[in-house]
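# Tertiary structure, described
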Amino acid sequence: MAVIINEENRMFQLITDNTEYQFQADEYDVLRHLWYGEKVGTPMSYLLSYPDVGFAGNPYDAGNDRTYSLHTQPLEYACEGIGDYRSAAVSITHADGSTALDLRYTGYTLHKGKYSLTGLPAVYADEDEAETLEIYLKDTASETEVTLRYGILAGYDVITRCAVIRNAGTEPIRLRKAASLCLDLPYGSWEQLHFHGRHAMERQAERLPLLHGVQEISSSRGTSSHQQNPSVILCSPDCTEQSGRCIGAFFVYSGSFKIRTELDELNQVRLLLGLNPDTFTWTLNSSEIFETPEAVMTYSGSGFAEMSHHFHSIIRRHICRGKYKLIERPVLLNNWEATYFDFNEEKILQIAESASELGVDMLVLDDGWFGKRDSDTSGLGDWFVNEQKLKGGLPELVKRINALGMQFGLWFEPEMISEDSELYRQHPDWAIRIPGRAPMRGRFQLVLDLSRTDVQDYLFRVMSGILDSANITYIKWDMNRSISDLYSHALSPERQGELSHRYVLGLYALLERLVQKYPDVLFEGCSGGGGRFDAGMLYYCPQIWCSDDTDAYERTKIQYGTSFIYPISAVGSHVSVVPNHQTGRITPLTSRAVTAMAGSFGYELDLGLLSEEEKNAVSEQIRSFKSIGPLIHNGSYYRLSDPTKDNYACWSYVSDDKETVLVHGMLFHAQPNMKQAALRLQGLDAQACYTLSGTDAVYTGAALMNGGILLPPYWGDYSPVEMQFRKVHEI
Ligand code: GLA
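Anyway, here's the lowdown on the structure attached to this text.

Moving on, we come to the overall build of the protein. In terms of regular secondary structure, the protein is built from 12 helices and 38 strands. Its C-alpha radius of gyration of 27 Å places the protein within 12% of the 27 Å reference for a compact globule of 731 residues. C-alpha atoms of the protein, sized along the principal axes, occupy 85 × 75 × 45 Å. Taking all 731 residues of the protein together, the buried fraction comes to 63%. In the protein, of all internal contacts separated by at least 6 residues, the share reaching a separation of at least 24 is 69%.

The following block contains the structure:
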């Protein structure tokens, strides 16, 4: 049993293999959060003791007890307007214009299996892998009801959360905020680790102490964004990869979001994660409900590595879906950096031929194959083949590529429309823009109103037409601008605040139809690289192009940040030419390869232009990836350095049985007279002996984890690290 309920004390314990989460309905029916951390087995309410804090109001029903305040108590789902001056999880405007909401406990249900959400991605599980607890709350003075849902996946140390708001009254209410997760931590000292960035430089890890007041991570761009990722980690100040406490949370959502961390006057922390209230309102008529997207959280008492392992497993096994979720992905070659818009069928075939000779499995034709699309100024929306570029059309090209023994994949940017397109000339009202106001352009393009079913139907029809016309087994689903000028011709004025969320629901509806109709097609997400790298997209696309920056040195940092939350198999990563197109940097081919192998591997260059020696190296890389790929994707991933601080990036993959350990990485900048660094490994069997491939040397697991292994000497910049260890025997 993952959930223990004490009916008498109205106490709930959510127990996973290694963690415990507690809350309780107190004597005033207020749902108080008590604990998230190690298994403790005791109600942690004994830790809650509050003085009469000045200017912290007291609820009426607390009578003369001035020590009981909603402003100081840890709350499971904090409300607005009733004397808790910290950030609220939920805000509504009642029909009379008032905004107070005082949710109190009314009951619960518990059942086997994991709840699902309507039209939204969420963790899924078999009946016997999860339990669902629903807690019912109701406002003291109105007919507003909230159900808090908890999905407990005990074997993964994961708890999922969402909230359902119901208008049980007769008049409409307006929802202005509805967090998916509210977590009050009345104990401990916490720092915050999050992942910020910009285009071509996503998910840079940044760790900071909390300041008194509010810190926010958010996106109002309509996508999860390059700038902030919808994930956060709260950790103890002493937390490292292998020790210390940390709570991680991510949002299973691909649109605007807000994560708010508040350190209050009593040094208590409140974490809120959910839809971004800055771009959200929702009208609930009588009897209507609103389901928030899902948040996923985990706790580790042994540092970040264990936390990441929980997240990697849950995302890989219970969020990603479809044929490719656990199997090897094709090694692909994408023509974007090889040709940009300048190609024809001969050029593509020539690239495919040299790729097939070296063992590449799939040719992906990127932007430029459709409509009038010779630059990024036109053509989006016109999803029919540009026969001037591709004579004979796609069927002929795909046939010839298949004849080389290769699969064929295709790029789409379905959510966009160019003003210079047939589609815009026919349906100007399908673009998101405000009547009477010049729209913002991003990369010269406008965004299609995906909240509209006619737009979804059009895209489904034209994309199906293309997919049915040829043997296409992969789609790269791109999205290359942020959304602005929010307005839909299909929504009434009072519902315009719903567009941002309705857009994402429309996107998910379209993706769902396509992944259901084409179960054998591998979908890869993309948004100018990793601008929509989130668990929502991973429900439809088991891999996402991690960044438009293919410079291996920069990629070590981008992929380092990404790895805290997302599994390696989700990371689209390619070897490209040098000097690199984004930075001008020159890195050795092997370093580019080991970095790209930390993901779903591929190439992004014309392999035919390489020297014979380089071609041999590429074919060896592909052979090698085919043999080590399963370990890379299925093994446990360890970050062995912090590339934002250390002069090297190293990481490893350890097989479940701890028999095989692969260490990859890159030494950054050489200096004269450098002492060789000792790299401490993680996750080995301390009591076993390991041999380093290519040598006779044997080391105990304990030696490799505590003392380490010497990294190769620095010679030149950005040289690769490749070491494989095998267990030889127990001690
Ligand atoms: C985005 C993607 C690139 C490429 C281009 C094509 O920037 O991230 O990989 O597909 O669009 O326009």
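So that's the structure; there's more coming.
A few words on the environment of Glu415. Mapped onto the fold, Glu415 is located in the loop between strand S23 (407-412) and strand S24 (416-418). Taking relative accessible area as the criterion, Glu415 reaches 0% and is therefore assigned buried. Taking C-alpha positions, Glu415 is 8.5 Å from Leu459, a pair spaced 44 residues apart along the chain. When neighbours within four sequence positions are excluded, Glu415 is seen to be in contact with Val447, Leu448, Leu450, Trp477, Asp478, Met479, Tyr503, Leu507 and Arg532.

Turning next to the pairing of strand S9 (residues 158-167). Among the 10 residues in S9, nine count as buried, and that is most of the element. Both strand S8 (residues 144-153) and S9 contribute to a ladder of 10 bridges, which runs antiparallel. The partner of Glu145 across the bridge, within S9, is Arg166. Connecting S8 to the next strand, S9, in antiparallel fashion are four residues, including Asp157 with a positive phi near 55°. Of the pairings in the sheet, the one linking S9 to strand S20 (residues 294-300) comprises four bridges and is antiparallel in character. Across the sheet, the residue bridging to Ile159 is Met297, located in S20.

Under the counting rule described, the total for this entry stands at zero disulfides. In this structure Cys182 is a free cysteine whose sulfur lies 9.0 Å from that of Cys79, the closest cysteine sulfur available. Unpaired in this structure, Cys239 has its nearest cysteine sulfur neighbour in Cys246, at a distance of 4.1 Å. Judged by its relative accessible area of 3%, Cys239 is buried.

Let us now look at the site of the ligand. Taken together, 13 residues form the shell around the ligand, and within it Asp366, Asp367, Lys476, Gly529 and Asp548 come nearest. A distance of 3.0 Å separates an oxygen atom of the ligand from a polar atom in the side chain of Trp411. Take Lys476: an N or O atom from its side chain is 2.7 Å from an oxygen atom of the ligand. Within the complex, 96% of the 300 Å² of free accessible area of the ligand lies under protein. Among the residues making up the shell around the ligand, the classes are represented as four nonpolar, three polar and six charged.

The next subject is the sheet that holds strand S22 (residues 362-365). Spatial ordering of the closed barrel is given by S21-S22-S23-S26-S27-S28-S29-S30, a layout of eight strands whose pairing is parallel. Strand-to-strand twist in this sheet, taken as the mean axis angle between neighbours without regard to direction, amounts to 30°. Pairing analysis gives four bridges linking strand S26 (residues 474-477) to strand S27 (residues 522-525), with the strands arranged parallel. Each bridged residue has a counterpart across the sheet, and for Tyr474 the counterpart in S27 is Leu522. Its contacts with the sheet place helix H3 (residues 345-357) against strand S21 (332-334) and S22, and it is angled at close to 155° to S22. This element, helix H9 (residues 552-563), spans strand S28 (543-545) and strand S29 (571-575) of the sheet and lies at about 165° to S29.

To continue, consider the sheet that holds strand S35 (residues 688-692). Spatially, S31-S32-S33-S38-S35-S36 is the arrangement adopted by the six strands of the open sheet, whose pairing is antiparallel. Each edge of the sheet is formed by a strand with only one pairing partner; in this case those strands are strand S31 (636-639) and strand S36 (698-700). Taken pair by pair, the neighbouring strands of this sheet meet at an average axis angle of 25°, ignoring direction. Of the strand pairs in this sheet, strand S33 (residues 660-667) and strand S38 (residues 719-730) are connected by eight bridges, and their pairing is antiparallel. Bridge pairing in S38 places Gly665 opposite Val721. Packed onto the sheet, helix H11 (residues 612-634) meets S31, strand S32 (648-654), S33 and S38 and runs at close to 90° relative to S33.

Here we take up the side chain of Ser87. Tracing the backbone shows Ser87 in the loop between strand S4 (31-38) and strand S5 (90-93). By relative accessible area, Ser87 is classed as buried at 8%. Side-chain polar atoms of Ser87 contact the side chain of Arg260, separated by 2.6 Å. Among all residues touching Ser87, those that are not within four sequence positions of it are Ala78, Val214, Arg260, Glu262, Arg270 and Leu272.

Take the packing of aromatic side chains next. Overall, the coordinates contain 37 aromatic pairs when judged by the stated rule. Taken together, a centroid distance of 4.9 Å and an interplanar angle of 75° make the contact between Trp336 and Tyr340 edge-to-face. On the basis of relative accessibility, which here comes to 31%, the residue Tyr340 falls in the partly exposed class. Taken together, a centroid distance of 4.8 Å and an interplanar angle of 40° make the contact between Phe601 and Phe625 tilted. Separated by 24 residues along the polypeptide, Phe601 in strand S30 (residues 600-603) and Phe625 in helix H11 bring together distant segments of the chain. Of the two residues examined, Phe601 and Phe625, each falls in the buried class. Taken together, the ring pairs connect Phe12, Tyr21, Phe23, Tyr36, Tyr105, Tyr108, Tyr150 and Tyr299 into an aromatic cluster.

Evaluation of the coordinates by the stated rule reveals four cavities of 30 Å³ or more. By volume, the largest cavity is sized at about 110 Å³. Val30, Leu75, Tyr77, Cys79 and Leu103 are, among the 13 residues lining the largest cavity, the residues nearest its centre. Residues that form the lining of the largest cavity fall into these classes: 10 nonpolar, no polar and three charged.

So, about the environment of Glu512. Here Glu512 lies in helix H7 (residues 499-517). By relative accessible area, Glu512 is classed as partly exposed at 23%. In this structure, the C-alpha to C-alpha distance between Glu512 and Pro121, residues 391 residues apart in sequence, is 9.5 Å. In terms of polar contacts, Glu512 uses its side chain to reach the side chain of Arg321, at 2.8 Å.

Rules of the game
- Residues numbered from 1 in each chain as written.
- Predicted model: local features only at pLDDT ≥ 70, side-chain atom pairs only at ≥ 80, totals over all residues.
- Heavy atoms only, no water.
- Helix = DSSP H or I, 4+ residues; strand = E, 2+ residues; numbered from the N terminus.
- Rg over C-alpha atoms; globule rule 2.2 N^0.38 Å.
- Buried < 20%, exposed > 50% of the residue type's maximum accessible area, 1.4 Å probe, protein only.
- Contact = heavy atoms within 4.5 Å.
- Pairing = 2+ DSSP bridges.
- Disulfide = S-S within 2.5 Å.
- Near = heavy atom within 4 Å.
- Polar contact = N/O pair within 3.5 Å; in protein donor to acceptor, adjacent residues only side chain to side chain.
- Areas by Shrake-Rupley, 256 points an atom, 1.4 Å probe, with all protein chains shown as cover.
- Nonpolar A, V, L, I, M, F, W, Y, C, P; charged D, E, K, R; others polar.
- Axes fitted to C-alpha atoms, helices over the stretch in contact; angles between N-to-C directions.
- Phe/Tyr/Trp six-rings, centres within 6.5 Å; stacked < 30°, edge-to-face > 60°.
- 1 Å grid on protein atoms, 1.4 Å probe; cavity = no way out; pocket = protein on both sides within 12 Å on 5 of 7 lines; lining within 4 Å.
- Points joined across faces, edges and corners; volume = space filled by probe spheres on them.

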